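# Residue-level structural notes
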Amino acid sequence: MAPAVRGVVVFAVLLLCCCQAIFSTEYFSSLTFFNSELHKHGCNSPSEWDEYAADCESSILQFEDTECEGGGSAPCVSVFSLDTEKVLSQAKLLIEQKRFPFAVENQSTNEELAVGYVFIGNGLYDEAIKHFSLLLQGDPELVSAIYGRGIAYGKKGLQDIKNADLALYELSRVITLEPNRPEVYEQRAELLETFVISVLTAVMSVYPSARLYRHRGTLHFISEDYAAAQEDFQQSLELKKNQPIAVLYKGLTFFHRGMLKEAIETFKEALKLKSDFIDAYKSLGQAYRELGDFEAAMESFQKALMLNQNHIQSLQLRGMMLYHHGSLQEAIRNFKRCLQLEPYNEVCQYMKGLSHVAMGQFYEGIKAQTKVMLNDPLLGQKASSEYLKVKYLREYSRYLHAHLDIPVAEYNVDQDLPGNFKNHWAKNLPFLIEDYEEQPGLQPHIKDVLPQNFESYTSEVQKLICTADHLGGLMQYNTPGFLPNHRMHRAMGLATLEVMQAMQRTWSNSKVRVNGKTRQMQWRDMFDIAVKWRRIADPDQPVLWLDQMPARSLSRGFNNHINLIRGQIINIRYLAYFDSILNFIKDRILVYHGAYNSRGLVEVRQALENVNKVEDLLPIMKMKQFNSKTRDGFTVNSKVPSLKDSGKEYDGFTITITGDRVGNMLFSVETQTTEERTQQYQSEIESLYKDLTAKGKALMLSTELGDADSVCNLILSLVYYFYNLMPLSRGSSVVAYSVLMGALMASGKEVVGKIPKGKLVDFEAMTAPSPESFSKVAKSWMNLKSLPAWYQSLPSVAETFPMTRTMIEVLNTDTTSHCPKKS
């Protein structure tokens, strides 16, 4: 054996001995890897588009070209060949935005430090090392320079042991000087992981073994390189088949890449090897939950708990699934058991408090919330997502309790809650609000919501509730990632019926009660009916009008952002739309090149003919003919045509693709709710609503089929603009669909068809080129029929459930043995 290889092997053996504490347990708890439910790495940045979590990433070393204007016609140019002016410009931007670590009080020193980080951000690692070294000659303990030099060594490459050694040495010095900065520990841990992987790879080239493949696969897994991890676990299993742990981890690599069916089959393979494998049952349950199969998930969690009734992770995950299924009482039982076994479990404590509040049990709810608030993170420890959210929930819980017995029509949540509170809550920012005045504590004379039996309602109200359950079920998405929630179904079914009744009254020239005033119903009042029910169904989520945020926040814009692909993680909810989005991107690229770069059009067109999936765009982005608008990638924008002003178009959503290779790509879409864009869409909605009201009034006096069809098209067009605006911080999609169904019912049309498998109504509207095309697609599945006459005899939803208390009571009511089962 060559001396160099022998040295690496000896070093690797020593390294593995040092890591024995990690590997002696054979595997890490797979619970930490379920980022969809347990807010991986403390990252919890909610987005719109039906609450799919977006990613929160450090802003350090992520630069923007200050000369790049997104709205301009000229493409933005990446900054790789830097001149002095650009370096100073970038450095100034870093200082202004406080985007480099360990800044000092001396401004000139900060300017010098920022220059070094600009070098790193642009891949000039040797220049950065030289620059920081000069600064350290003058001040050997300048922490930011030590940190920057360590990062530069790490970025330069870990294949050279010297670089790795220097990077780890520098970061260790920073920890000595600044021991309370968790990001430094994280950087050092990442370097160690990468270094160990490189050493293991060298060893395995000489001595491959099942155990070493499994260890390397685990490290790849922790680093979120799931494809490499899957290959390693597969290699390990080929060398040694009977390894249930390796099979489990192989399944988890599929899970995190959105390959749920493959994950489920792999978890089942692990159970064939080890029939009492609790973690495999738990992982299988979570995979079924993500697939939206509630019954199969419950069965898997139940089997895990039969093997160990005290398995905390299974109790926690099952409780969370029950909450999101609308089974709050059962969820509470799981969280209580979890807390008996582990009193300081923040997830179970937070979810227990949330479940109590959702059921109107505010005293128990706030007691649980307070316990979470007392779990202050240790110095240098990252706060949990539950800790970051709990104060918002407590304040909102107090507000709801104070308004339990006030008619909902007499107050307005968007106007009552402080602007900065709403802004921070919607953006999931830490609760650091200047001059915030807390909501009053619970008032003893306001009692909690008591259980309500279905039999206590009149037969007419019982029919109303069962009808709402049926209508809400029609809104359920039949696509992976959407778990049926019967509590949400009832809430939005009642919203649908209330919209129907309110619009029929409006078309009959009756007035409505809104915000303590009696007046004609406006378009926002129509949507507010659905908004109030959506809020009550799940108090954890801020369902707020974005245009009611503080003016300063609105002027900057709110981004509703969703990642379709991030690295190796695929968002399975939107998988069915990848092809249509890809075709849209290809069309926009050709339009752009036809207008701004006609010389390269032929070559770009030829290259696009070979593009069959999103990853195929990556080589095209490197073509000289391709003038990218985004560094290492590009953006394309959709346009929404105006019905009000022929020929006019509004900004739709933006598609962004960045990255340099498969597995290191970001494919995302977002809408930006700015003040100008909001006014444009609201003007369109206002115009359509006026026309709808006039035609609706005429329809009440007519039986002409043509009038009904005209009203139907107006309703679909109005909702089309609402979907494209995305005006709520959460829940825009289900709010819009319940209004759509209610308005159609007011016009005499009943929706009897379910949303087809794989279809998402918001994406159907956003990817439709016009209101007419959206209307055509929606009608194809809604299967509209004439509204049965008995709907007119249903009790008034607004009068039957006028207060928050009565709304919570009806959502809590069990109808299992009373209402006909949904087909």
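Residues numbered from 1 in each chain as written. Predicted model: local features only at pLDDT ≥ 70, side-chain atom pairs only at ≥ 80, totals over all residues. Heavy atoms only, no water.

An unreviewed UniProt entry annotates the protein as Tetratricopeptide repeat domain 13 originating from Lepisosteus oculatus.

## Re the state of the cysteines
To be explicit about the condition: The rule for a disulfide is simple: a pair of cysteine sulfur atoms within 2.5 Å. Counting from the N terminus, the helices are the DSSP runs of H or I reaching at least four residues and the strands are the DSSP runs of E reaching at least two. Each residue is assigned to one of three classes by its accessible area relative to the maximum for its type, calculated with a 1.4 Å probe on protein chains only: buried under 20%, partly exposed between the two thresholds, exposed over 50%.
Throughout the structure, instances matching the rule amount to 2 disulfides. Linked covalently through their sulfurs, Cys338 and Cys348 form a disulfide whose S-S length is 2.1 Å. Classification of the bridge connecting Cys338 and Cys348 rests on its S-S torsion, roughly 90°, and on that basis the disulfide is right-handed. Taken together, the positions of Cys338 in helix 17 (residues 328-341) and Cys348 in helix 18 (residues 346-358) put the pair 10 residues apart, joining distant regions of the chain. As far as burial versus exposure is concerned, Cys338 and Cys348 are alike and both buried.

## Let's talk about the pattern of salt bridges
Once their charged atoms are close, side chains differing in charge can pair, the charge on each being opposite to the other. Quick reminder of the rule: When a carboxyl oxygen of Asp or Glu lies within 4 Å of a side-chain nitrogen of Lys or Arg, that pair is called a salt bridge.
Enumeration over the complete set of coordinates arrives at 28 salt bridges. Across the pair Glu438 and Arg394 runs a salt bridge, and its minimum N-O distance is 3.1 Å. Here Glu438, found in the loop between helix 22 (419-427) and helix 23 (459-473), pairs with Arg394, found in helix 20 (residues 385-402); they are 44 residues apart in sequence, far enough to count as distant. For Glu438, a relative accessible area of 40% gives the class partly exposed. When the shortest N-O distance is used, the salt bridge between Arg398 and Glu395 registers 3.1 Å. Of this pair, Arg398 and Glu395 are both found in helix 20, 3 residues apart, which corresponds to roughly one turn of the helix. Overall, the relative accessible area of 13% leaves Arg398 in the buried class.

## A short note on the UniProt feature "repeat: TPR" (unreviewed entry) in the protein
This is how the line gets drawn: UniProt positions are given in the numbering used here, feature names are shortened, and annotations may be inferred rather than shown by experiment.
Taking the UniProt record as the reference, the feature "repeat: TPR" (unreviewed entry) is found at residues 210-243, 244-277, 278-311 and 312-345. In residues 244-277, helix accounts for 79% and strand for 0%; the two terminal C-alpha atoms are 8 Å from one another. Here residues 312-345 is 82% helix and 0% strand, with 9 Å between the C-alpha atoms at its ends.

## Some points on the packing of helix 25 (residues 523-537) against helix 30 (residues 675-700)
Test applied: All axes are obtained by fitting lines to C-alpha atoms, using only the stretch in contact for helices, and the reported angles, taken between N-to-C directions, cover 0 to 180 degrees. Roughly parallel means an angle under 35 degrees; roughly antiparallel, over 145; roughly perpendicular, 65 to 115; everything else is oblique. The criterion used for residue contact is that any of the two residues' heavy atoms lie within 4.5 Å. Classification used: nonpolar for Ala, Val, Leu, Ile, Met, Phe, Trp, Tyr, Cys and Pro, charged for Asp, Glu, Lys and Arg, polar for all others including Gly.
The geometry of helix 25 relative to helix 30 is characterised by a closest axis approach of 9 Å and an angle of 100° between their N-to-C directions. Here helix 25 is positioned roughly perpendicular relative to helix 30, judged by the angle of their axes. From helix 25, Trp523, Arg524 and Met526 reach across to helix 30, where they touch Gln682, Ile685, Glu686 and Tyr689. Of the residues belonging to the contact of helix 25 with helix 30, the class tally is 4 nonpolar, 1 polar and 2 charged.

## Points about the nonpolar core
Here is the rule: Nonpolar cores were defined as sets of buried Ala, Val, Leu, Ile, Met, Phe, Trp, Tyr and Cys residues, with membership established by side-chain atoms within 4.5 Å.
Ranked by internal contacts, the top residues of the largest apolar core, which has 141 residues, are Trp533, Phe667, Tyr737 and Phe801. At 13 residues, the largest contribution of residues to this core is made by helix 31 (residues 705-725). Residues in contact with Trp533, not counting those within four places in the same chain, are Ala491, Met492, Leu494, Ala495, Glu498, Val797, Phe801, Met807, Val810 and Leu811. In this structure, Phe233, Ala297, Met320 and Leu393 belong to the second largest nonpolar core, which totals 60 residues.

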